[in-house]
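Residue-level listing of the chains:
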Amino acid sequence: MSIIFWLRQDLRLLDNTALQYARQKSSDVHFLYIFEETHEDDLSTKGAASQWFLSRALRSFQKNIEDLGGTLLIEKGDPLSILDSVAKKTRSQTICWNRRYDPYNVRKDQKIKQTLQEKGIEVKSFKGSVLFEPWEILNQKGEPFKVFTPFWRHCLAKNFAYTPYLSPSSLKKSSIALHHAHKKDAVDFSYDPFWSKNFSKVWEDTPFNVSEQGAHERLDFFLQNHVKDYQKTRDFPALESTSKLSPYLHLGMISPDFIMHRCYQLLSIDSAYAEGIHCFLSEIGWREFSSYLLYHYPDLPTSPLRKEFLSMPWEDNPSFFDAWKKGQTGYPIVDAGMRQLWQEGWMHNRVRMIVASFLIKDLFMDWRKGERWFFDTLVDADLASNSASWQWVAGCGADAAPYFRVFNPTLQGEKFDPEGHYIKRYVPELSLMPVRFIHDPSKAPHSILQKASVVLGKKYPYPIVDHKMCRQKALEMFKNLRGK
Ligand SMILES: Cc1cc2nc3c(=O)[nH]c(=O)nc-3n(C[C@H](O)[C@H](O)[C@H](O)COP(=O)(O)OP(=O)(O)OC[C@H]3O[C@@H](n4cnc5c(N)ncnc54)[C@H](O)[C@@H]3O)c2cc1C
């Protein structure tokens with residue numbers, strides 16, 4: 001009897017629980033991916049940049065399956081009717097999948113499961129791309145954690161049982177593959193938003209392409225070259241010393257369990273890695289915590305966890321928002337970050353914090369506007385990590401940065417990009433600026449600007465706001481809120 005394996009955010013052959021189950025149950029496994037109809041309530045619907053990444057990931061996954069002799073069926077439409085129809089065509093009695101945890105899809109999957117079961121189809125679901133099921137991690141009162149440190153301590157104390165399910169060495173061609181091969185309306189899932197022409201330089205024309213193998217090669221490269229010093233180097237964007245695994249993790253092209261397993265393996269061989277590995281794993285922990293928060297607090301993307309923030313008098317200044325999006329704020333580290341995002345679909349974590357703080361605490365814009373812009377332009381856009389991080393920076397989330405922590409973009413630049421290499425890479429009009437003024441060109445004397453060929457207000461903007469004044473205003477606004 002054949003079985004359907006419905007893939008969603010688990011585009012991998014290695015360490016895939018639902019796939020393991022399917023293969024144990026039957027030698028005739030139908031791999032199925034569905035481009036689901038979008039719905040306005042579904043905030044997890046992919047943004048443009050992450051669709052770009054998905055189209056590549058799916059293509060390489062399809063090839064991996066075909067290389068093993070199997071088939072990946074790709075459909076578009078309502079998942080329930082597609083699952084029902086594929087089950088009929090293939091005479092499958094069972095459908096299995098790995099779970100998703102965002103509120104919209106939790107509800108949707110429950111409904112699909114119930115309806116299929118009512119039709120007599122067996123449905124099996126398994127832990128998705130997280131380390132632990134969110135309902136397994138609760139505090140002593142049996143309630144969800146709201147603070148990261150005790151949450152992560154609790155996770156680490158759990159018995160981490162990694163069961164490495166190996167990739168299959170061969171697969172059987174799906175019995176409906178031939179029918180699909182001749183279908184004129186095969187789903188065209190190539191996707192290239194108009195600004196994505198440079199994405200390939202970072203994600204494809206490198207030793208690590210957008211594939212399951214690429215994810216593993218990135219992990220190996222990172223563990224060999226960067227993890228040892230991760231704690232010291234991870235905040236310096238010019239060094240490119242982080243793993244860049246985020247888009248792969250988002251699509252489940254590598255599992256967090258596998259990453260944890262490899263880190264522990266390395267640790268058991270050489271304790272010199274301890275500091276770097278624990279620091280790196282705590283970032284994997286933040287990913288886990290974000291997904292956990294979204295599961296337990298489903299309105300995380302739309303509503304502040306600290307409800308006093310509901311009355312925050314956000315301002316709406318379209319020209320400021322536009323300057324922020326285009327990297328034309330006159331604050332070089334902010335501009336470099338926003339341009340990196342536009343050019344590469346990715347931004348370094350430290351710079352994400354700086355640009356988010358600038359939008360919220362210098363331009364007084366609602367964090368949800370920034371969240372939606374990031375969601376459309378990041379190849380790693382992830383509803384949980386994105387909304388939890390934006391809430392964290394705004395100070396309204398779980399375990400958030402304290403309200404009086406207002407990043408000074410100039411000092412942040414000086415501290416984390418001391419030579420200005422990162423800025424010069426993305427803001428070429430400042431490439432001749434001496435280091436002393438690279439973080440605040442508006443302070444440079446006329447002669448220096450002239451020598452560096454920078455005409456403020458023309459070639460590079462004056463700062464659009466005065467940070468000192470904004471900081472004062474932000475502190476007042478946040479203080480007033482807390483008094484409420
Ligand atoms: C405003 C803002 C928005 C963000 N939006 C997203 C998003 O949409 N998708 C996303 O994956 N990450 C998001 N992050 C978290 C973080 O910036 C990225 O995960 C990280 O920069 C990815 O680079 P990396 O893979 O090299 O990370 P590494 O430093 O190598 O970390 C390893 C992995 O840990 C996870 N991780 C690291 N930092 C965080 C964090 N602070 N929160 C949650 N997970 C983390 C990621 O999966 C990452 O791949 C956001 C952070 C901020 C401040």
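Refer to the structure presented above.
Described below are features of the structure shown in this document. Treat the numbers as computed from the prediction; the structure is a model and nothing was measured. (Residues numbered from 1 in each chain as written. Predicted model: local features only at pLDDT ≥ 70, side-chain atom pairs only at ≥ 80, totals over all residues. Heavy atoms only, no water.)

## Remarks on the nonpolar core
Consideration 1: Formed by 137 residues in total, the largest nonpolar core has its most connected members in Phe-31, Trp-203, Trp-324 and Phe-374.
Consideration 2: Those residues in contact with Phe-374 that lie beyond four places of it in its chain are Trp-324, Met-338, Leu-341, Met-347, Arg-352, Val-355, Ala-381, Asn-386 and Trp-390.
Consideration 3: Counting residues in hydrophobic clusters, the runner-up holds 15 residues, among them Ile-82, Val-86, Ala-87 and Val-123. (Core = buried A, V, L, I, M, F, W, Y, C linked by side-chain atoms within 4.5 Å. Buried < 20%, exposed > 50% of the residue type's maximum accessible area, 1.4 Å probe, protein only. Contact = heavy atoms within 4.5 Å.)

## Concerning the pattern of salt bridges
Consideration 1: For the structure on display, the rule yields 28 salt bridges.
Consideration 2: For the salt bridge of Glu-133 with Arg-99, the shortest nitrogen-to-oxygen distance reads 2.3 Å. Linking Glu-133 in the loop between β5 (122-126) and α5 (148-157) with Arg-99 in the loop between β4 (94-98) and α4 (103-118), this pair joins segments that are 34 residues apart in sequence.
Consideration 3: We classify Glu-133 as buried; its relative accessible area is 5%. (Salt bridge = Lys/Arg side-chain N within 4 Å of Asp/Glu carboxyl O. Helix = DSSP H or I, 4+ residues; strand = E, 2+ residues; numbered from the N terminus.)

## Description of the environment of Tyr-33
Consideration 1: Mapped onto the fold, Tyr-33 is located in strand β2 (residues 29-36).
Consideration 2: Sequence separation between Tyr-33 and Phe-5 is 28 residues, and the spatial gap between their C-alpha atoms is 8.6 Å.
Consideration 3: The residues touching Tyr-33, leaving out its near neighbours within four places in the chain, are Leu-7, Arg-8, Leu-11, Leu-54, Leu-58, Leu-72, Leu-73, Ile-74 and Glu-75.

## Some remarks on the side chain of Asp-10
Consideration 1: You can see Asp-10 is positioned in the loop between β1 (3-7) and α1 (17-25).
Consideration 2: The buried charged residue Asp-10 lacks any salt bridge, with Arg-8 as its nearest oppositely charged partner at 5.5 Å.
Consideration 3: Separated by 2.8 Å, the side chain of Asp-10 and the backbone nitrogen of Arg-8 make a polar contact.
Consideration 4: At 2.7 Å, the side chain of Asp-10 and the side chain of Asn-98 are in polar contact. (Lys, Arg positive; Asp, Glu negative; His and termini not counted. Polar contact = N/O pair within 3.5 Å; in protein donor to acceptor, adjacent residues only side chain to side chain.)

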